Amino acid sequence: MKILVINCGSSSLKYQLIDMEGEKLLAKGLVERIGIDGSVISHTTTGKDKKVIKKELKDHNDALEIVMSSLVDKEYGAIDSLDQISAVGHRVVHGGENFAQSVVIDDEVVAAIEENIDLAPLHNPPNIMGIEACEKLLPGVKQVAVFDTAFHQTMPAKNYIYAIPYENYEEHKVRRYGFHGTSHKYVTQRAADMLGKDVDKVNLITCHLGNGSSITAVKEGKSYDTTMGLTPLEGLPMGTRTGNMDPAIIKFLMDKNNLSIEEVDNIINKKSGVLGISGVSSDFRDLEDAAKEGNERAKLALEIFENSARKFIGSFVTEFDSIDEIDGIVFTAGLGENGIATRKNIVDGLKALGVKIDEGANDIRGKERIVSTKDSSINVLVIPTNEELMIARDTLSLIK
Ligand code: AMP
């Protein structure tokens, strides 16, 4: 059974075609600059050369048309006919409180995703465009929505209600939702396998560290607490996002710099984080290079990021009754999988808890491995995430 996984952004679209027999990647690609001059698709069928096509694409429908024609192309395609696609799995960013699980898409589901546009104005509209385009291009093929927020719907109210007047939760659903749920769920399953535990018994602290970062306390395989909030701005400082800060800073910046609320919103989302602190880059590789060359602000940005991760992990340890209950601290995503120094520095900061990294074992990028010492109080694991595979698995289980 072949499943197409689609992740639509506002001007980009990522896709993978996965054969669920053996979970083999058949093809993958990226469409960029949709609706902007210079649209381009890069398509790679496993075992064949990458094909790059430049073509004007005015919307997500055009983008998906070229995806479909690339998949069935005689020369560089992966399948003979679109009939071979059994189902489509869509990444949808915000499911609000409507969805605690993935669902087969129907009109009601689309309406509910629309209802949540206020909570994710940049993400949910392109997700809907992708769904509607697939309905046209693959009529009758089942489509499934897999929500970034769904995994976190198991959090107890004490971990998701904000200390603002309660009517804001009741009337406007202002609460912590949490994101990267598909990734936290995937690494939870992998960690349970690696540690030989049932997934519904495993207790973890999962650290998704990338351009966006979030940390989750996973109790008995379910999300119990997480660092991202109503939006993906809360928690750790990120590539360009502030993470936690005193909310009074917003008005202060408006007053001091004569800025509108929109301008400050742009600063806290796009110009802050490690980019804002360092003035160098939002990319951790650039920061590591600059720090090595003696750039003090790049060093400070890395320290602030690592310190924040350390403090969140430390606070999530207190969600469990004892340290022995915690089966592992998991590092995943671009930085978590590849940032050898970042992992070491974060774990070195957990000495008070008896967590110890094995520097030899930690010298890896993008591979599954336990990287803590034998006498570490908690196992430390590196697990490359695979959100697309998780989406394909959920899609398969719903259409079966
Ligand atoms: P993601 O958002 O998961 O794709 O992660 C992207 C981030 O991972 C980039 O901004 C980099 O800062 C970081 N990253 C990727 N590879 C490395 C590496 N080899 N060393 C340090 N950081 C890395």
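Residues numbered from 1 in each chain as written. Predicted model: local features only at pLDDT ≥ 70, side-chain atom pairs only at ≥ 80, totals over all residues. Heavy atoms only, no water.

### What to know about the sheet that holds strand β3 (residues 24-32)
Working step 1: Spatial strand order, β5-β4-β3-β2-β1-β6-β8-β7: eight strands in an open sheet with mixed pairing. Where the open sheet ends on each side, the last strands, each with one partner, are β5 (51-54) and β7 (103-104).
Working step 2: Note that strand β1 (residues 2-8) and strand β2 (residues 13-19) share seven bridges and pair antiparallel. Each bridged residue has a counterpart across the sheet, and for Ile 6 the counterpart in β2 is Tyr 15.
Working step 3: The strands touched by helix α1 (residues 60-71) within the sheet are β1, β2, β3, β4 (40-45), β5 and β6 (85-92), with β2 carrying the most contacts at an inclination of about 35°. (Pairing = 2+ DSSP bridges. Helix = DSSP H or I, 4+ residues; strand = E, 2+ residues; numbered from the N terminus. Contact = heavy atoms within 4.5 Å. Axes fitted to C-alpha atoms, helices over the stretch in contact; angles between N-to-C directions.)

### A closer look at the packing of aromatic side chains
Working step 1: Scanning all chains against the criterion turns up four aromatic pairs.
Working step 2: Geometrically, the ring pair formed by Tyr 160 and Tyr 169 is tilted, given 6.0 Å between the ring centres and 55° between the ring planes.
Working step 3: Residue Tyr 160 is classed as buried on the basis of its relative accessible area of 14%.
Working step 4: In this structure Tyr 169 comes out as buried when scored by relative accessible area, which is 13%.
Working step 5: Of the aromatic side chains, those joined through ring pairs into one cluster are Tyr 160, Tyr 166 and Tyr 169. (Phe/Tyr/Trp six-rings, centres within 6.5 Å; stacked < 30°, edge-to-face > 60°. Buried < 20%, exposed > 50% of the residue type's maximum accessible area, 1.4 Å probe, protein only.)

### Re the pattern of salt bridges
Working step 1: Counting across every chain of the model gives 17 salt bridges.
Working step 2: Residue Lys 197 pairs with Asp 327 through a salt bridge whose shortest N-O separation is 3.2 Å. Of the two residues, Lys 197 is situated in the loop between α6 (181-195) and β9 (204-209) and Asp 327 in the loop between α11 (296-317) and β12 (328-332); the sequence distance between them amounts to 130 residues.
Working step 3: Residue class for Lys 197 comes out partly exposed when judged on its relative accessible area of 31%.
Working step 4: Across the salt bridge formed by Lys 201 and Asp 198, the nearest N and O atoms sit 3.8 Å from each other.
Working step 5: In the salt-bridge network here, residues are joined through shared partners; they are Glu 97, Lys 173 and Arg 175. (Salt bridge = Lys/Arg side-chain N within 4 Å of Asp/Glu carboxyl O.)

### Points about the site of the ligand
Working step 1: Around the ligand, a shell composed of Gly 210, Asn 211, Asp 283, Phe 284, Arg 285, Glu 288, Ala 333, Gly 334, Leu 335, Asn 338, Gly 339 and Arg 365 is seen.
Working step 2: Here an oxygen atom of the ligand and a backbone polar atom of Gly 334 are 2.9 Å apart.
Working step 3: Within the backbone of Leu 335, a nitrogen or oxygen atom sits 3.2 Å from an oxygen atom of the ligand.
Working step 4: For the ligand, whose unbound accessible area comes to 500 Å², protein coverage reaches 75%.
Working step 5: The set of elements that each furnish at least two residues to the shell around the ligand consists of α10 (284-292) and α12 (333-338). (Near = heavy atom within 4 Å. Polar contact = N/O pair within 3.5 Å; in protein donor to acceptor, adjacent residues only side chain to side chain. Areas by Shrake-Rupley, 256 points an atom, 1.4 Å probe, with all protein chains shown as cover.)

### Let's talk about a negative patch on the surface
Working step 1: Taken together, the side chains of Asp 106, Asp 107, Glu 108, Glu 114, Glu 132 and Glu 135 present a region of like negative charge at the surface.
Working step 2: Counting residues per element, the negative patch draws most heavily on helix α2 (residues 107-115), at three residues.
Working step 3: Take Glu 114: it is sitting in helix α2. (Patch = residues over 30% accessible without salt bridge, like charges linked within 9 Å, V, L, I, M, F, W, Y side chains within 5 Å. Lys, Arg positive; Asp, Glu negative; His and termini not counted. Charge placed at Lys NZ, Arg CZ, Asp CG, Glu CD.)

### Structural notes on α11
Working step 1: Between its terminal C-alpha atoms α11 stretches 31 Å, which fits the 32 Å expected from 22 residues at 1.5 Å a residue.
Working step 2: The opening residue of α11 is Asn 295, an N-cap whose side-chain oxygen sits 3.0 Å from the backbone nitrogen of Arg 297. (Expected span 1.5 Å × (residues − 1).)

### A look at the side chain of Ser 278
Working step 1: With respect to the helices, strands and loops of the structure, Ser 278 is situated in helix α9 (residues 273-278).
Working step 2: Of the polar contacts made by the side chain of Ser 278, one reaches the backbone nitrogen of Val 280; its length is 2.9 Å.

### Some thoughts on the sheet that holds strand β14 (residues 379-382)
Working step 1: What the six strands build is an open sheet, ordered β11-β10-β9-β12-β14-β13; its pairing is mixed. A strand with exactly one partner marks an edge of an open sheet, and here the two such strands are β11 (222-226) and β13 (369-370).
Working step 2: Bridge count between β9 and β12: five bridges; the pairing is parallel. For Thr 206, the partnering residue across the bridge sits in β12 and is Val 330.
Working step 3: The sheet strands contacting α11 are β9, β10 (213-219), β11 and β12, and the helix crosses β10 at an angle near 15°.
Working step 4: Packing of helix α13 (residues 340-348) onto the sheet brings it into contact with β9, β12 and β14, and relative to β12 it is tilted by some 155°.

### A closer look at the packing of α6 against helix α14 (residues 387-399)
Working step 1: Where α6 contacts α14, the two axes come as close as 9 Å, and the packing angle between them is 85°. By the angle between their directions, the pair α6 and α14 is classed as roughly perpendicular. Contacts between α6 and α14 pair Thr 182, Ser 183, Lys 185, Tyr 186 and Gln 189 from the former with Glu 387, Leu 389, Met 390, Ile 391, Arg 393 and Asp 394 from the latter.
Working step 2: The residue inventory of the contact of α6 with α14, partitioned by class, reads four nonpolar, three polar and four charged. (Parallel < 35°, antiparallel > 145°, perpendicular 65-115°, else oblique. Nonpolar A, V, L, I, M, F, W, Y, C, P; charged D, E, K, R; others polar.)

### Section: the pairing of β4
Working step 1: The buried count for β4 comes to five of six residues, which makes it a mostly enclosed element.
Working step 2: Here β3 runs beside β4; their pairing, made up of six bridges, is antiparallel. Each residue of the ladder has a partner; that of Gly 29, found in β4, is His 43.

### Observations regarding the nonpolar core
For soluble globular proteins, nonpolar side chains are generally found buried alongside one another.
Working step 1: Ile 205, Cys 207, Leu 209, Ile 215, Ile 313, Ile 329 and Phe 331 are the most contacted members of the largest nonpolar core, which totals 36 residues.
Working step 2: Listed by contribution, the elements that provide at least two residues to this core are β9, β10, α10, α11, β12, α13 and β14.
Working step 3: A total of nine residues in this core trace back to one element, the largest contributor, which is α11.
Working step 4: Sequence-distant contacts of Phe 331, that is, excluding residues within four places in its chain, are made with Cys 207, Leu 209, Gly 336, Arg 343, Ile 346, Val 347, Val 380, Leu 381, Val 382 and Ile 383.
Working step 5: Grouped together as the second largest cluster of nonpolar side chains are 26 residues, Leu 26, Val 31, Val 88 and Leu 138 included. (Core = buried A, V, L, I, M, F, W, Y, C linked by side-chain atoms within 4.5 Å.)

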